[in-house]
Amino acid sequence: FLLCNFICCGQSYNFIIFMTELSAYIASATHVDVHDLLDSFHLAAKNVNLKAYFGCFHPKGTFLGTDATENWSVDKFFEYSEPHFKSGQGWTYVPIKESRKMVYFELGTSTLCTFDELLDSASFGVHARGSGSLIRENCSSSWFIASYHLSFPIPNDIAKGITQKIQSFDQLN
């Protein structure tokens, strides 16, 4: 919990804010560099560090996973991830050196960075792709993940066969 003091019209008010574990974690990290933010994000997942992992997300952040049903707000993604992390099961995606691409946009009082990175996936044994957007609000020096999208790039030569398998799977489910 937090003990806060609020002053209004010359009058002082004390109150207590009870914080959930989620609200204590979200946007709690300090990353002044986008590469540091993304590297810390991946390292926290590998080390099953729930606070460091979710500290990288903006409070309105989203996560899109590899399954079409995995479109989560940060609080829903926390609900999904927390049992895995607490049981010691994280996930390992290692950025491939020099694969990260960034584009920056100045948006009034904020800076937006879109990114794309290739990742080695230990559990799947193939490259994955992380892409999305990062935001730094000018009232802060820290960058946060606004959206992170995890996917598996499919080589064009086998895309038709893979999409046919997905179509068959979708029809059964």
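Residues numbered from 1 in each chain as written. Predicted model: local features only at pLDDT ≥ 70, side-chain atom pairs only at ≥ 80, totals over all residues. Heavy atoms only, no water.

Some words on the packing of aromatic side chains
The condition is simple: Pairing of aromatic rings covers Phe, Tyr and Trp, the last through its six-membered ring, and needs centres within 6.5 Å; plane angles under 30 degrees mean stacked, over 60 mean edge-to-face, and all others mean tilted. The classification of residues rests on relative accessible area computed with a 1.4 Å probe and restricted to protein chains. Under 20% of the type maximum is buried, over 50% is exposed, and intermediate values are partly exposed. Helical segments are the DSSP runs of H or I of at least four residues, strand segments are the runs of E of at least two, and each set is numbered from the N terminus.
For the structure on display, the rule yields 24 aromatic pairs. Residues Phe63 and Trp72 carry aromatic rings whose centres are separated by 6.4 Å and whose planes lie at 15 degrees to one another, so their mutual orientation is stacked. You can call Trp72 buried: its relative accessible area is 17%. Between Phe77 and Trp91 the ring centres are 6.4 Å apart and the planes differ by 35 degrees, which places this aromatic pair in the tilted class. Separated by 14 residues along the polypeptide, Phe77 in helix H4 (residues 74-86) and Trp91 in the loop between H4 and strand S5 (93-95) bring together distant segments of the chain. Like Trp91, Phe77 is buried.

Brief notes about the side chain of Arg100
Let me state the cut-off plainly: Distance and chemistry together define a polar contact, namely a pair of N or O atoms within 3.5 Å, with one atom able to donate a hydrogen and the other to accept it when in protein, and with adjacent residues in sequence counting only for side-chain atoms on both sides. Only heavy atoms matter for contacts: two residues are in contact if any of them lie within 4.5 Å across the pair.
Take Arg100: it is sitting in the loop between S5 and strand S6 (101-107). Accessibility expressed as a relative area gives 16% for Arg100, which makes it buried. One polar contact links Arg100 to Glu117, side chain to side chain, over a distance of 2.8 Å. Residues within four places of Arg100 in sequence aside, it is in contact with His35, Leu38, Asp39, His42, Pro95, Asp116 and Glu117.

Read these as layout, nothing more, since geometry by itself doesn't imply function.
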